[in-house]
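What follows is each chain in one-letter form.
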Amino acid sequence: MHSRFHTAFAGLSQPLQTALAPLLENDRFPAMLTAEQSQQLQRQCGLSEDELAFALLPLAAAYAETPISHFNVGAIARGVSGNLWFGANMEYPGIALQQTVHAEQSAITHAWMGGETALRAITVNYTPCGHCRQFMNELNSGLDLHIHLPGRAAATLKDYLPDAFGPRDLDIKTTIFDAEDHGFALQGDELSQRAIAAANRSHAPYTQSPCGVALELRDGTILTGSYAENAAFNPSLPPLQAALNLVILKGYAFADIQRALLAELPDGNISQWAPTVSTLNGLGCQNVDRVLLA
Ligand SMILES: [Zn+2]
């Protein structure tokens, strides 16, 4: 079991510890449970899906990287597939706060990168901040997304974001979790092709500047992130953050990043190049390059 789980695991109920132990044995537990695993845990522990998601929150929060706030937030995004996707807040020492990832963004992007086609609900251990409420309004679930918080009645995003402004106000038809394919031809080596594929999936209706990042890790694993733009601009999640999120959730460390590639347009309305280079340099990775979408 990864050392980050030791304290959280010890605090779980005995039946849940027994049921989860075989899944957490692997150091590379993928920070998600398949629908089948979730149902099996519910049966073994006599829990509903809501109760299971609440019970798992301490494990999700154990992924938090919080050298600045020391305030660990855990979130579990629940997909229409029945899969449960963990997420936690991620901060990067020495790097501007604007680059941080919130727990809800982490769990949601994890599900999106994992191929989920829509979310039913998200369970979080603290009330979502305004930034996350706005971020969640960009999903194809719209204001109907269920939000579950400890000690609160179940509610939807509509309750948490009254008088909402979002993509529909700007006549944007395709939102996050809808299938998108910008259709750029895959070219170059595997890392390059994976970065282009991530750009093809990205959600960039406001700038028309699709982009994606691929990270090659020390053991040869490649993790990718797609850009998730937002109607209110600032809650947009850059492609690097979507990929860095997976580095932690898949059991690696930032020090494992050997090479990074950003795929973006040569003359887009915006560019991710400068912030991608500076954030990766700050995390100790100097090997950063760019492939231009054509
Ligand atoms: Zn937030």
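Scroll up for the structure.
Residues numbered from 1 in each chain as written. Predicted model: local features only at pLDDT ≥ 70, side-chain atom pairs only at ≥ 80, totals over all residues. Heavy atoms only, no water.

### Section: helix α10 (residues 273–282)
Part 1 of the argument: Listing the buried residues of α10 in full gives Thr-276, Thr-279 and Leu-280. Down the axis of α10, the smallest arc covering the buried residues is 95 degrees, so these residues share one side.
Part 2 of the argument: Against the buried residues of α10 lie β7 (211–217), α9 (239–249), β9 (257–264) and β10 (288–292).
Part 3 of the argument: Gly-284, located one to two residues past α10, shows a positive phi value of around 100 degrees. (Buried < 20%, exposed > 50% of the residue type's maximum accessible area, 1.4 Å probe, protein only. Helix = DSSP H or I, 4+ residues; strand = E, 2+ residues; numbered from the N terminus. Arc of directions from axis to C-beta. Contact = heavy atoms within 4.5 Å.)

### Re the sheet that holds β9
Part 1 of the argument: With mixed pairing, four strands are arranged side by side in an open sheet as β8-β7-β9-β10. Where the open sheet ends on each side, the last strands, each with one partner, are β8 (222–226) and β10. When strand polarity is set aside, the average angle formed by the axes of neighbouring strands in this sheet is 20 degrees.
Part 2 of the argument: Where β9 lies against β10, five bridges are found, and the strand directions are parallel. What sits directly across from Glu-264, in β10, is Leu-292. (Pairing = 2+ DSSP bridges. Axes fitted to C-alpha atoms, helices over the stretch in contact; angles between N-to-C directions.)

### Side note on the coordination of the zinc ion
Part 1 of the argument: Coordination sphere of the zinc ion, protein contribution only: His-102 (ND1), Cys-129 (SG) and Cys-132 (SG), at 2.2 to 2.3 Å.
Part 2 of the argument: Between the donor residues of the zinc ion, the gaps in sequence give the motif H-x26-C-x2-C. Of the two residues, His-102 is situated in the loop between β3 (84–88) and α5 (103–113) and Cys-129 in the loop between β4 (119–124) and α6 (130–136); the sequence distance between them amounts to 27 residues.
Part 3 of the argument: Owing to a relative accessible area of 24%, His-102 belongs among the partly exposed residues under this scheme. (Donors = N, O, S within 2.8 Å, 3.2 Å for Na, K, Ca; no water.)

### Details of the side chain of Ser-236
Part 1 of the argument: Summarising the element assignment, Ser-236 is placed in the loop between β8 and α9.
Part 2 of the argument: At a separation of 2.9 Å, a polar atom in the side chain of Ser-236 contacts the main-chain amide nitrogen of Asn-230.
Part 3 of the argument: Discounting residues that sit within four places of it in the chain, Ser-236 has contacts with Tyr-227, Ala-228, Glu-229 and Asn-230. (Polar contact = N/O pair within 3.5 Å; in protein donor to acceptor, adjacent residues only side chain to side chain.)

### A short note on the pattern of salt bridges
Part 1 of the argument: Tallying each qualifying case throughout the model produces 10 salt bridges.
Part 2 of the argument: Arg-290 serves as the salt-bridge partner of Glu-264, at 2.7 Å between the closest nitrogen and oxygen. Within this pair, whereas Glu-264 is found in strand β9, its partner Arg-290 is found in strand β10, the two being separated by 26 residues in sequence.
Part 3 of the argument: According to the relative accessible area criterion, Arg-290 is partly exposed, its value standing at 35%. (Salt bridge = Lys/Arg side-chain N within 4 Å of Asp/Glu carboxyl O.)

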